[in-house]
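Spelled out from the first residue to the last, the chains are:
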Amino acid sequence: MYNVLIIDDEEPLREAIRIVGDWDRLGIEHIYEATNGKLGMELLGQHPIDVVMVDMKMPEMNGIEFLRVIEKAYPHLLTIVISGYNDFEFTRQAIQSRVVDYLLKPINRQDLNQALRKAVDILESRKQSQDEFINQSITLNMSLPKLKEKLYMSILDGSFKKQANTALLPLIGADQQGNRFGVIVLRLLNRDEIRRTRFHGDADLMDFAVTNVLAQTSDERLRCFSFPHPRREREVVSICTLASGQQEHMSLLLAQVAQKAVANLHGLFNMVVAAGVGKLCTDVVELASAYRDAKTLIHSTDVLKLEGESILHTVPRQVGASEEVPWTDRLLSIQKDAQTGQANRAKVLLSDLLKQLAAGSVFRLQDADRLLREFHFLLREAAIELGTPMSTPNQEETLGELGRVVEGNLSADFTSFADYSQRLHRMLELYIAGVQHAQAGNQPFDITEIKRYIDRYYFENIKISFFAETYFLSREYLMKLFKQQFGYGIHEYVQKVRMDKAKELLGDSSLKIQEISDMLGYKDKNYFSKAFRNYYQVSPSEYRVSLQ
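What comes next concerns the included structure.

What counts, and at which threshold
- Residues numbered from 1 in each chain as written.
- Predicted model: local features only at pLDDT ≥ 70, side-chain atom pairs only at ≥ 80, totals over all residues.
- Heavy atoms only, no water.
- Helix = DSSP H or I, 4+ residues; strand = E, 2+ residues; numbered from the N terminus.
- Buried < 20%, exposed > 50% of the residue type's maximum accessible area, 1.4 Å probe, protein only.
- Pairing = 2+ DSSP bridges.
- Axes fitted to C-alpha atoms, helices over the stretch in contact; angles between N-to-C directions.
- Contact = heavy atoms within 4.5 Å.
- Parallel < 35°, antiparallel > 145°, perpendicular 65-115°, else oblique.
- Left-handed = near helix turned anticlockwise from the far one by under 90°.
- Nonpolar A, V, L, I, M, F, W, Y, C, P; charged D, E, K, R; others polar.

**A look at unusual backbone geometry**
Notably, Glu 60 is not glycine yet its phi reads approximately 65°, a positive angle. The phi angle at Gln 537 is positive, at roughly 65°, despite the residue not being glycine. Its location among the elements puts Gln 537 in the loop between α21 (525-536) and α22 (540-546). Its relative accessible area of 57% is what places Gln 537 among the exposed residues.

**Some details on the sheet that holds strand β6 (residues 180-188)**
The strand order β7-β8-β6-β9-β10 describes an open sheet built from five strands, whose pairing is mixed. Lying at the two open borders of the sheet, with one neighbouring strand each, are β7 (222-228) and β10 (311-313). Each strand axis lies, on average, 15° off the axis of its neighbour in the sheet, ignoring direction. Sheet topology note: the β7/strand β8 (residues 235-242) ladder contains seven bridges and is antiparallel. For Ser 226, the partnering residue across the bridge sits in β8 and is Ser 238. This element, helix α10 (residues 250-269), spans β6, β7, β8, β9 (273-277) and β10 of the sheet and lies at about 25° to β6. Here helix α11 (residues 287-299) sits on the sheet in contact with β6, β8, β9 and β10, set at roughly 35° to β6.

**Describing the packing of helix α16 (residues 448-457) against helix α17 (residues 464-471)**
Between α16 and α17, the least distance of the axes is 12 Å, while the angle of their chain directions is 135°. One element, α16, and the other, α17, form an angle in the oblique class. The hand of the α16/α17 crossing is right-handed. On α17, the residues touching Glu 449, Ile 450, Tyr 453 and Ile 454 of α16 are Phe 466, Phe 467 and Tyr 471. For the contact of α16 with α17, the per-class residue count stands at six nonpolar, no polar and one charged.

Right, dumping it as structure tokens:
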């Protein structure tokens, strides 16, 4: 018989769990209750508890704090997390703490009893085996994916020696003569945007979600193992193995799995990808060549034809080389004009270069990447020569705002040629701003510049660190100065501007609430509605009705 502890500050939820739980059939004898993590810790010291069900939002000690404490104090205690939607911080902690299951509110009978059954099965397994054996098995299961990833990476980079790794061949199905192998490579074109808007900036959580989607889209006849490339943050690799007897269907199966994966990533996360499928292999070591083929297909993607939609390459296409546009000298001229105060002329030169590229017959993704890298490198080196500070209070090498070109809002994302052009123009604007800042010397800082920026770009993802790096001032000083001058904190003012604009837009009955949400910079209509209600105590729909 086992004992369960329920920790939740909402009595109705605790009562509901008591009612719908199939306690007798699961062999659960005692059910204890606590209203917060602190009281839960006291009960753990008083009673032999086997399973804890813990809510993540509680007073005193919340779920995150509780999980961190019991990881050390009760490492073998089984936990089931209870939380609401969109709590990504809670999801991350649950993954780190290796909880048995994650239940979303409102809890239903089936999900609750399945989670409890999973916990009871683990407890039964522990009874039947020694703890040392269980710990070794858990360690092995956690290590196997990483070991497989390293094996596949050694194959892809050509360092794998089959004869020297005979014992490891069964791990990747390479010990059976009839097996065939294929590879799918995905380039995540809007990776940084999705990481920021859908996963709260957590790259590990996003990678976990992407590889999980790929695992679920594998055909039952075609086993796929997926992982993010350890050295190329925008690349995900999926190695596919087909058992003997299905060879004549493998090309079709590979294409179907790739197509389904691309569609699911877009449908679930709005992720735009360029994907390539490599040639079929009879020997696992041939995957290196197939991987190169898939990468070549992706590199051949014509940026001029990208329109914000994913693209899948399954067979080589006749794609000519990009037009021979001598951009190196142009970039040097642009940099020189910007540095010498000819900002408008520099912008015109860049516009002319982009127009010439757009007028060409093709502009391959590989060449677009190269131009972007060269332009960034040139501006970065020029910024250093100007004496732009190399570090900020958090000691990151950011080069002020210029360093943000390859991260955050100024990432290397682009899903169309228009996006790509905008990215290059933004890089130039940042460099020009850096030049002007350097030339300004010790002129006094005007806090109204931040207010004007917010009034104009309220729909962007505005962060205080952005202003701190731009003006080389501490975030604490900026926050205090802004509050003194305008009576609002910076984040409060951003919220005020957005909500004032929301009222104005809701007065236009031709606009849908989803459209208004997008115009204000909210990627999720539900999040916008929640923010509006919290601010005005009425929903957007209710407010619109009140205007009639």
